[in-house]
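Reading the structure
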Amino acid sequence: MKKLKDIKGIFLDLGGTLVYPPSGSWLFSRLAYKYFPREKLAEPENMELVRRANMELESDHLLSTTGEERERFARFYRTLTQKLPELGITSGELEEITDDKVYNMANFQIFDDTVETLEALSKKYRLGIISDNWPSVWDMLEQMDIGKYFHCATYSFQLNAFKPSPAMYRDALSKMGLPPENTLFVDDLPGNVLGAQKEGICPVLIRHPVHMGLMGHTEPIEGVHSIDRISGLLELLDI
């Protein structure tokens, strides 16, 4: 593996790169799956229903508080409940599902090599986050005690934009204060690393299975560095 040189700043995705959802889904916690059974959601018409509801969820993404986030997810779960009356989900259960999604940080787990990798990287590089996320991310980072490693962060909910929008990478570069050729970006989605590459940032694709084995390894991209887990970055940088 060819070592990367002249890197001074590293941008990292969060979900699928540093943390993962134990439920296997970013939209449905383990509690939510008690009320929205996986097998029911896996039916083709219901998969389309979830897709449309998620598009609506993300259509107005400029947020500043977890309260606003809660309102969006309450609407998301309410839409599904109305379309699936046979599930018999009550208003009280809907409140419980929504609160759990937004406020229960046990819905996120950290990969076992995340902390040691961040500790090693932070001694030599500026670290930044580029993440499609929600205001509750601040609580998650505090709960996991990893926010301290980062110099800056760019979140979709602050820009009303999602990767691979150029706005995400340009905001991150502005905050990092480094030219793109001296930075790299690690993400588990090919489109996101290619978006960074278009802005001059060195792309690195992380290919480990995420979502508790429900997805396999991402196919490699020709000409793009890839690693199987975040600690592979240490070898790529020769740390």
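This section reports on the structure supplied with the text. All residue numbers refer to positions counted from 1 along the written sequence of the respective chain. It should be noted that, the model being predicted, local features are given only for residues of pLDDT at least 70 and side-chain atom pairs only at 80 or more, the latter also being counted only at that level, while totals for whole chains, interfaces and linings use all residues. To obtain the side-chain values, all non-hydrogen atoms of the structure were included, while hydrogens and water were left out.

1. Let's talk about the nonpolar core
- Nine residue types can take part in a nonpolar core, namely buried Ala, Val, Leu, Ile, Met, Phe, Trp, Tyr and Cys, and a core is a set of them joined through side-chain atoms within 4.5 Å. Relative accessibility decides the category of a residue: with a 1.4 Å probe and only protein chains considered, values under 20% of the type maximum give buried, values over 50% give exposed, and everything between is partly exposed. Formed by 57 residues in total, the largest nonpolar core has its most connected members in Ile10, Phe28, Phe76, Leu184 and Leu233.
- For phenylalanine 76, the contacting residues outside a window of four places in its chain are Leu27, Phe28, Val50, Ala53, Asn54 and Leu57.
- Counting residues in each nonpolar core, the second largest holds 16 residues, with Met176, Phe185, Val193 and Ile221 among its members. By definition in these notes, contact holds between two residues if any of their heavy atoms fall within 4.5 Å.

2. Considering unusual backbone geometry
- Between lysine 163 and the following residue, proline 164, the backbone shows a cis peptide bond with an omega angle of 10 degrees.
- At aspartate 145, a residue that is not glycine, the phi angle is positive and equals roughly 60 degrees.
- Mapping aspartate 145 onto the fold places it in the loop between helix 7 (137–144) and strand 5 (152–155). A run of DSSP states H or I qualifies as a helix once it reaches four residues; a run of E qualifies as a strand once it reaches two. Both are numbered from the N-terminal end.

3. A look at the side chain of aspartate 171
- Considering the arrangement of structural elements, one finds aspartate 171 in helix 9 (residues 166–176).
- Polar contacts involving the side chain of aspartate 171 include one to the side chain of threonine 154, which spans 2.6 Å.
- Those residues in contact with aspartate 171 that sit more than four places away from it in its chain are Thr154 and Leu159. N or O atoms closer than or at 3.5 Å make up a polar contact, with two conditions inside protein: a donor-capable atom paired with an acceptor-capable one, and, for residues adjacent in sequence, both atoms drawn from side chains.

4. Topic: the pairing of strand 4 (residues 126–131)
- The element strand 4 is largely enclosed, with a buried count of five among its six residues.
- Pairing geometry for strand 1 (residues 9–12) and strand 4, over four bridges, is parallel. Residue leucine 12 lies in a different strand from strand 4, and its bridge partner there is isoleucine 129.
- Classification remark: right-handed applies to a crossover when, strands pointing away from the viewer, the course from the first strand over the helix to the second runs clockwise. Between the parallel elements strand 4 and strand 5, the chain passes through helix 7 in a crossover that is right-handed. At least two bridges found by DSSP between two strands is the condition for calling them paired.

5. Quick word on helix 7
- Restricting attention to buried positions, one finds in helix 7 the residues Val137, Met140, Leu141 and Met144. For helix 7, the angular spread of the buried residues around the axis is 95 degrees, confining them to a single face. Across from the buried face of helix 7, at angles greater than 90 degrees, the exposed residues are Glu142 and Gln143.
- For helix 7, the secondary structure elements touched by its buried residues are strand 2 (19–20), strand 3 (109–110), strand 4, strand 5 and helix 8 (156–159). Working definition: the arc comes from the directions between the helix axis and the C-beta atoms, pointing outward to the latter.

6. With respect to the packing of helix 4 (residues 66–83) against helix 5 (residues 91–103)
- For every element, the axis is a line fit to its C-alpha atoms; helices are fit only across the contacting stretch, and the angle between N-to-C directions ranges from 0 to 180 degrees. Remark: helix 4 packs on helix 5, axes separated minimally by 9 Å, with the N-to-C direction vectors making an angle of 135 degrees. Judged by the angle between their axes, helix 4 and helix 5 are oblique. In terms of crossing hand, the pair formed by helix 4 and helix 5 is right-handed. Side by side, helix 4 and helix 5 meet where Thr66, Gly67, Glu69, Arg70, Phe73, Ala74, Tyr77, Arg78 and Thr81 of the first sit next to Leu94, Glu95, Ile97, Thr98, Asp99, Lys101, Val102 and Tyr103 of the second.
- In this classification, the charged set is Asp, Glu, Lys and Arg, the nonpolar set is Ala, Val, Leu, Ile, Met, Phe, Trp, Tyr, Cys and Pro, and all remaining amino acids, among them Gly, are polar. Taken together, the residues of the contact of helix 4 with helix 5 break down into seven nonpolar, four polar and six charged. Any angle that is under 35 degrees is reported as roughly parallel, and any over 145 degrees as roughly antiparallel; angles of 65 to 115 degrees are reported as roughly perpendicular and all others as oblique. By convention, the crossing between two helices is left-handed when the near helix turns anticlockwise from the far helix through less than a right angle, and right-handed when the turn is clockwise.

7. A look at the pattern of salt bridges
- The rule for a salt bridge is simple: a side-chain nitrogen of Lys or Arg has to be within 4 Å of a carboxyl oxygen of Asp or Glu. Under the counting rule described, the total for this entry stands at 14 salt bridges.
- Close ionic contact of aspartate 113 with arginine 229 constitutes a salt bridge, the shortest N to O distance being 3.0 Å. Of this pair, aspartate 113 sits in the loop between strand 3 and helix 6 (114–122) while arginine 229 sits in the loop between strand 8 (225–227) and helix 11 (232–236); the two residues are 116 residues apart in sequence, bridging distant segments of the chain.
- Residue aspartate 113 is classed as buried on the basis of its relative accessible area, which comes to 4%.
- Overall, the relative accessible area of 37% leaves arginine 229 in the partly exposed class.

8. Some words on the pairing of strand 1
- Of the two faces of strand 1, the one holding Gly9 and Phe11 and the one holding Ile10 and Leu12 are both buried throughout.
- Strand direction decides the pairing type here: strand 1 and strand 6 (residues 183–187), joined by four bridges, are parallel. For glycine 9, the partnering residue across the bridge sits in strand 6 and is threonine 183.

9. Focus on the packing of aromatic side chains
- Ring pairs shown here join Phe, Tyr and Trp side chains whose ring centres sit within 6.5 Å, with only the six-membered ring taken for Trp; geometry is labelled stacked below 30 degrees between planes, edge-to-face above 60, and tilted in between. Tallied over the full model, the rule gives 14 aromatic pairs.
- Look at phenylalanine 73 and phenylalanine 76: their rings are 6.4 Å apart centre to centre, the planes differ by 80 degrees, and that puts the pair in the edge-to-face class. Residue phenylalanine 73 and its partner phenylalanine 76 are located together in helix 4, separated by three residues, close to a single helical turn. Take phenylalanine 73 and phenylalanine 76: they sit in the same class, and that class is buried.
- In this structure an aromatic cluster arises from ring pairing among Phe28, Tyr33, Phe36, Phe73, Phe76, Tyr77 and Trp134.
- If you follow arginine 38 out to its NZ or CZ, it ends over the ring of tyrosine 33, 3.8 Å from the centre.
- Only when the NZ atom of a Lys or the CZ atom of an Arg is both within 6 Å of the ring centre and within 35 degrees of the ring normal do we say a charge sits over the ring. When the ring centre of phenylalanine 73 is taken as origin, the NZ or CZ atom of lysine 101, which lies over that ring, is 4.5 Å away.

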